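Residue strings, one per chain:
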Amino acid sequence: MMTTRIVGTGAYVPEQIATNDDLARIVETNDEWIRSRTGIGERRIATTETNSYMAAQAAKQALDQAGIAPEDVDLILLATSSPDYCFPNGACEIQEQIGAVNAAGYDISAACTGFVFALNTAHAFIQAGIYRTALVVGADVLSKLLDWTDRGTCVLFGDGAGAVVVQAADRGVIGVKMHSDGTKGGVLTCGSRTNGNFLLGKKPELGYMTMDGQEVFKFAVKKVPEIIKELLEENRTSLQEIRYFVLHQANYRIIESVAKRLKADISKFPANMERYGNTSGGSIPLLLDEMNRKGMLAPGDKIVLSGFGAGLTWGATLVEW
Ligand code: ACO
């Protein structure tokens, strides 16, 4: 049966590095606290780089690796919560920057789950025979949405982008799974511009990220193992068959806890948040590209991608490489 194969990967991170010590100069924190609670050592912070610039760089690399011309892309999906504009959407900006003149493009908003939701959406289009080639990008510049006086959130995030090119093929995505729980929306939020009322002289206000860290932690360590088990059961695949679990890079303690709950060896959970922090929509494709370029993935390897984040939302994809 026709499915969706990842045929190229790419990534981009801004040049500016902010270490934990750098952050300790602006909020009351320290390297030891951040590392021991999160596994994060440094992150990249965009200066001149825009969301669409990072996304387009990652997309170009993925197309180059796949040997696919931009004109052959049918669909561009950008997973982001921090686009450059309310409109045009970021996918249209990517289209313009890479010259994918024949593609339709739009953004998918599911925070740190966005990339998995976007990949699953591209798979649905390909499996239905509507499109053949899609570019799925995750990119976020959360540094512009953070409250840089709130040490509980500002130390956790970084900016970055990753991309994959997917194509109709006879092996690739084996199964997909997605969930949302809007009743828990309040535990991780970033307000949009409020309704100003210019007739009454009231200007719109901008929102910043707020998070109940412990609730997010509890949610992730419960729901991620659950969805992975559901996905594997539905697709008659055992945990032992999985070469790697490529999880959203929020926090190393979450990853350790998920591994423990699944009774899976921690060496199957690659991580790079030490260098990039939590790049939200960018984190899974950024890690996947790193693994791919290091030669960690061989044809036939089965991997699980799993994202979780605001919404609340969580999702997973079972892929044969
Ligand atoms: N530096 C130093 N101290 C801090 C910092 C900091 N950066 N941040 C909080 N503290 C303090 C708190 O003020 C508190 O002090 P108090 O006891 O005097 O009140 C103390 O540390 C403990 O605070 P907690 O919030 O209880 O710390 P906890 O051990 O829960 O760790 C953390 C906080 C790391 C945020 C944890 O809850 C966590 O990892 N949650 C998951 C968060 C996450 O990954 N979010 C993103 C996922 S979804 C997405 O990607 C969008």
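The shown structure was predicted, so the numbers you read here are calculated from the model rather than taken from an experiment.

Student: What exactly am I supposed to notice about the nonpolar core here?
Tutor: The tendency in soluble globular proteins is for nonpolar side chains to be buried side by side. Ala58, Ala59, Leu77, Leu135, Val136 and Val137 are the most contacted members of the largest nonpolar core, which has 96 residues in total. Leaving out residues up to four positions away in the same chain, Ala59 has contacts with Gly10, Ile94, Ile98, Leu135, Val137 and Ala163.

Student: For this particular structure, what's the right way to read helix α3 (residues 51-66)?
Tutor: Since one α-helical turn is 3.6 residues long, residues separated by three or four positions face the same way. Compared with the 22 Å implied by 1.5 Å per residue over 16 residues, the 23 Å span of α3 between its first and last C-alpha is a close match. In terms of residue burial, α3 counts as a mostly covered element, since 13 of its 16 residues are buried. Remark: Gly67 follows α3 within two positions and exhibits a positive phi of approximately 70 degrees.

Student: Is there a simple way to explain the domain arrangement of the protein in this structure?
Tutor: Accessible area lost during the coming together of the parts is what is often quoted as the interface size. Partitioning the protein into structural domains gives domain 1 (3-170) and domain 2 (175-320). Of note, the centres of domain 1 and domain 2, computed from C-alpha atoms alone, are 13 Å apart. Taken together, the 45 residues of domain 1 in the interface contact 44 residues of domain 2. At the level of elements, β1 (3-12), α2 (31-38), β3 (42-44), α5 (114-127), β6 (133-140), α6 (151-154) and β7 (160-169) are the ones that each hand at least two residues to the side of domain 1 that touches domain 2. In terms of residues, the side of domain 1 that touches domain 2 owes the most to one element, α5, which gives seven residues. Within the side of domain 1 that touches domain 2, the residues separate by chemical class into 21 nonpolar, 17 polar and seven charged.

Student: Looking at this model, I keep getting lost on the UniProt feature "domain: Beta-ketoacyl-[acyl-carrier-protein] synthase III N-terminal" (unreviewed entry) in the protein. Mind explaining?
Tutor: As recorded in UniProt, the feature "domain: Beta-ketoacyl-[acyl-carrier-protein] synthase III N-terminal" (unreviewed entry) lies at residues 106-182. Helix makes up 23% of residues 106-182 and strand 38%. Its end C-alpha atoms lie 22 Å apart.

Student: Which parts of the structure should I look at to understand the site of the ligand?
Tutor: Around the ligand, the surrounding shell holds 23 residues, and the nearest of these are Thr29, Cys112, Arg151, Gly213 and Ala250. Of all the secondary structure elements, the ones that give two or more residues to the shell around the ligand are α2, α6 and α7 (213-234).

Student: What is the right way to look at the packing of α3 against helix α4 (residues 90-98) in this model?
Tutor: Two quantities define a packed helix pair, namely the angle between the helix axes and the distance between the axes. Direction vectors running N to C along α3 and α4 enclose 55 degrees, while the axes themselves pass 9 Å from each other. Put simply, α3 runs oblique to α4. Read as a crossing pair, α3 and α4 show a hand that is right-handed. Across the interface between the two elements, Asn51, Ser52, Ala55, Ala56, Ala59 and Lys60 from α3 touch Gly90, Glu93, Ile94, Gln97 and Ile98 from α4. Partitioning the contact of α3 with α4 into residue classes produces five nonpolar, four polar and two charged.

What counts and what doesn't
- Residues numbered from 1 in each chain as written.
- Predicted model: local features only at pLDDT ≥ 70, side-chain atom pairs only at ≥ 80, totals over all residues.
- Core = buried A, V, L, I, M, F, W, Y, C linked by C-beta atoms within 7 Å.
- Buried ≥ 20, exposed ≤ 12 C-beta atoms within 10 Å, placed from the backbone.
- Contact = placed C-beta atoms within 7 Å.
- Helix = DSSP H or I, 4+ residues; strand = E, 2+ residues; numbered from the N terminus.
- Expected span 1.5 Å × (residues − 1).
- Domains from an automatic or database assignment.
- Nonpolar A, V, L, I, M, F, W, Y, C, P; charged D, E, K, R; others polar.
- UniProt positions renumbered as here; feature names shortened; annotations may be inferred.
- Near = placed C-beta within 6 Å.
- Axes fitted to C-alpha atoms, helices over the stretch in contact; angles between N-to-C directions.
- Parallel < 35°, antiparallel > 145°, perpendicular 65-115°, else oblique.
- Left-handed = near helix turned anticlockwise from the far one by under 90°.

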